[in-house]
Amino acid sequence: MVEELYIKKILNGDTEAFRYFVTQYKDLAFSLAVSVVKDEFTAADVVQEAFVKAFEHLKSFKGKSKFSSWLMRIVINEAYKVVRRNKVNYTDELLELEEISKDALKEADQKFYVNEVLKIMAPNESLVLRLYYLNENNILEICEMTGWAESKVKVTLHRARKSMEQKMKKLLSTEVESLI
Amino acid sequence: MEEMDFKNMMQQSKLEIQFPDFEEQVMTQIKKKEANRRSVWKNLKMSWLFLFIGAFLGIFVTQFLTDIQLPFIGEKSKLVLLIAEIFIVLVVASQFDSLLRFTIKKRDKL
């Protein structure tokens, strides 16, 4: 596999070879970090720190799981560490969203809606949604990446889906009202 | 909402890092860390080398000193030399211990 080749190169002292992984996974890592920390700047710091950690501990990657799973686990751990350290609060109400997006909502951009709703959802819920539907990980892979029990992943995923649907409906009705 | 629709909707949740120099920043930080790691190893090797050179020189000097008399101290010259020898051994042993601990700590980390 290509990834194995790059890992061997890095372990043999070719630091520049790590750029391949940065290019390959930066956006996914960023999406997952945003799910947890809810802020783009903090998420970028989290991802940067995670990449540096991954590089430093590359020797400990034994290839038992996919490299991406191993890397994303580091990203997720770093993100939760920041949340715990900064005691970041999120709100599951749409009040903030209404304030910031009256104009933006009119752009009728589904991508915008989806990401804004994910931003106001609980970190665990938005994270699990992105892992399952965006990165297409199965339940066991999510357990491996998050360190959660299988039951917790299933319950969170179910709850997250419901919450996402509700929030989307609420958001879209708000938008219709504002247009009328 | 159907599972497929939901999945399609979620496919749009991928975000892109909007910082153009992000990749460069990460690589710079990694290269800095790597350079630092290499310099630590280099310094450690040098420390071991000089510790051994110092220890051998110490042994040589103490051997040499036992053959000479210190007339200004008189009868106590042997005692003074013994104290000096013990001091050198203690210094070498403590340095050896510190260096060994540091090497093990760094080996686990790096």
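Throughout, residues of each chain are indexed from 1 in the direction in which the sequence is written. Throughout, the order in which chains and ligands are written sets their labels, letters from A for the former and numbers from 1 for the latter. Side-chain atom pairs in this predicted model are given and counted only at pLDDT of 80 or more, local residue features only at pLDDT of at least 70, and totals for whole chains, interfaces and linings cover all residues.

Per an unreviewed UniProt entry, the recorded name for chain A is RNA polymerase sigma factor, and the organism is Draconibacterium aestuarii. Of chain A, the UniProt comment under Sequence similarities (unreviewed entry) reads exactly: "Belongs to the sigma-70 factor family. ECF subfamily." UniProt positions are given in the numbering used here, feature names are shortened, and annotations may be inferred rather than shown by experiment.

*Asks:* An account of the overall build of chain A is needed here, citing residue identities and associated values.
*Replies:* Put simply, DSSP H or I for four residues or longer makes a helix, DSSP E for two residues or longer makes a strand, and each gets a number counted from the N terminus. Summing up its helical and strand segments, chain A has 9 helices and 0 strands in all. Along chain A, helices and strands appear, N-terminal first, in the series α-α-α-α-α-α-α-α-α. Placing a C-beta atom from the backbone of each residue, one calls two residues in contact when those atoms lie within 7 Å. If you take every contact in chain A between residues at least 6 apart in sequence, the share linking residues at least 24 apart comes to 71%.

*Asks:* With reference to specific residues and values, describe the UniProt feature "domain: RNA polymerase sigma-70 region" (unreviewed entry) in chain A.
*Replies:* Those places that UniProt annotates as "domain: RNA polymerase sigma-70 region" (unreviewed entry) correspond, in this numbering, to residues 21–87 of chain A. Measuring from the first to the last C-alpha atom of residues 21–87 of chain A gives 30 Å, for a span that is 81% helix and 0% strand.

*Asks:* Outline the interface of chain B and chain A, supporting the account with residue identities and numerical values.
*Replies:* Counting residues at the interface gives 24 residues for chain B and 28 residues for chain A. For the side of chain B that touches chain A, the secondary-structure elements that each account for two or more residues are helix H1 (3–10) and helix H2 (22–66) of chain B. Taken together, the residues of the side of chain B that touches chain A break down into 11 nonpolar, 6 polar and 7 charged. Residue type decides the class: Asp, Glu, Lys and Arg count as charged, Ala, Val, Leu, Ile, Met, Phe, Trp, Tyr, Cys and Pro as nonpolar, and the leftover types, Gly among them, as polar.

*Asks:* Explain the UniProt feature "transmembrane region" (unreviewed entry) in chain B to me, and be specific about the residues and the numbers.
*Replies:* Mapped onto this structure's residue numbering, the UniProt feature "transmembrane region" (unreviewed entry) falls at residues 46–66 and 78–100 of chain B. For residues 78–100 of chain B, the end-to-end C-alpha separation is 33 Å, with 100% helix and 0% strand making up the annotated structure.

*Asks:* Please provide a residue-by-residue account of the UniProt feature "domain: RNA polymerase sigma factor 70 region 4 type" (unreviewed entry) in chain A, values included.
*Replies:* Following the UniProt record, the feature "domain: RNA polymerase sigma factor 70 region 4 type" (unreviewed entry) maps to residues 116–164 of chain A here. Regarding residues 116–164 of chain A, the helix share stands at 82% and the strand share at 0%, and the terminal C-alpha atoms are separated by 11 Å.

*Asks:* Could you give an account of the environment of Glu 141 of chain A, naming the residues involved and the relevant values?
*Replies:* Residues and elements named next belong to chain A. Structurally, Glu 141 can be placed in helix H8 (residues 139–146). Field definition: a residue is buried when 20 or more other C-beta atoms are found within 10 Å of its C-beta, exposed when 12 or fewer are, and partly exposed for counts in between, with C-beta atoms placed from the backbone. Overall, the presence of 19 C-beta atoms within 10 Å leaves Glu 141 in the partly exposed class. Between the C-alpha atom of Glu 141 and that of Leu 131, which follows or precedes it by 10 residues, the distance is 9.0 Å.

*Asks:* Would you mind going over helix H7 (residues 123–134) of chain A in detail, with residue names and values included?
*Replies:* All names here are of chain A. Its 12 residues place the ends of H7 15 Å apart at the C-alpha level, agreeing with the 16 Å of an ideal helix rising 1.5 Å per residue. Counted residue by residue, H7 has 11 buried out of 12 residues, so it is predominantly covered. When we look at burial in H7, the residues that qualify are Asn 124, Glu 125, Ser 126, Leu 127, Val 128, Leu 129, Arg 130, Leu 131, Tyr 132, Tyr 133 and Leu 134. At the exit of H7 stands Glu 136, carrying a positive phi of roughly 55°. By definition here, a helix of n residues has an expected span of 1.5 Å times n minus one.

*Asks:* Please give an account of the packing of helix H2 (residues 19–37) of chain A against helix H4 (residues 67–86) of chain A that cites residues and values.
*Replies:* Residues and elements named next belong to chain A. An axis is simply a line fitted to the C-alpha atoms; with a helix, the fit covers only the stretch in contact. Between two such axes, the angle follows the N-to-C directions and lies from 0 to 180 degrees. The contact between H2 and H4 brings their axes to 9 Å, and the two run at 30°. Our pair here, H2 against H4, has a crossing hand that is right-handed. For the pair formed by H2 and H4, the contact residues are Tyr 25, Ala 29, Leu 32, Ala 33, Val 36 and Val 37 on the first element and Ser 68, Leu 71, Met 72, Val 75, Ile 76, Ala 79, Tyr 80, Val 82 and Val 83 on the second. Broken down by class, the residue content of the contact of H2 with H4 amounts to 14 nonpolar, 1 polar and no charged. Helix crossings are classified by the rotation of the near helix relative to the far one: an anticlockwise turn of less than a right angle makes the crossing left-handed, while a clockwise turn makes it right-handed.

*Asks:* Give me the lowdown on the nonpolar core, citing residues and values where you can.
*Replies:* Residue and element names in this part refer to chain A. Nonpolar core, as used here: buried Ala, Val, Leu, Ile, Met, Phe, Trp, Tyr and Cys residues forming one set through C-beta atoms within 7 Å. Ala 29, Ala 33, Val 47 and Val 75 are the most contacted members of the largest nonpolar core, which has 50 residues in total. Here the element with the most residues in this core is H2; it accounts for 11 residues. Apart from residues lying up to four places away in sequence, Val 75 is in contact with Ala 29, Leu 32, Ala 33, Val 46, Val 47 and Ala 50.

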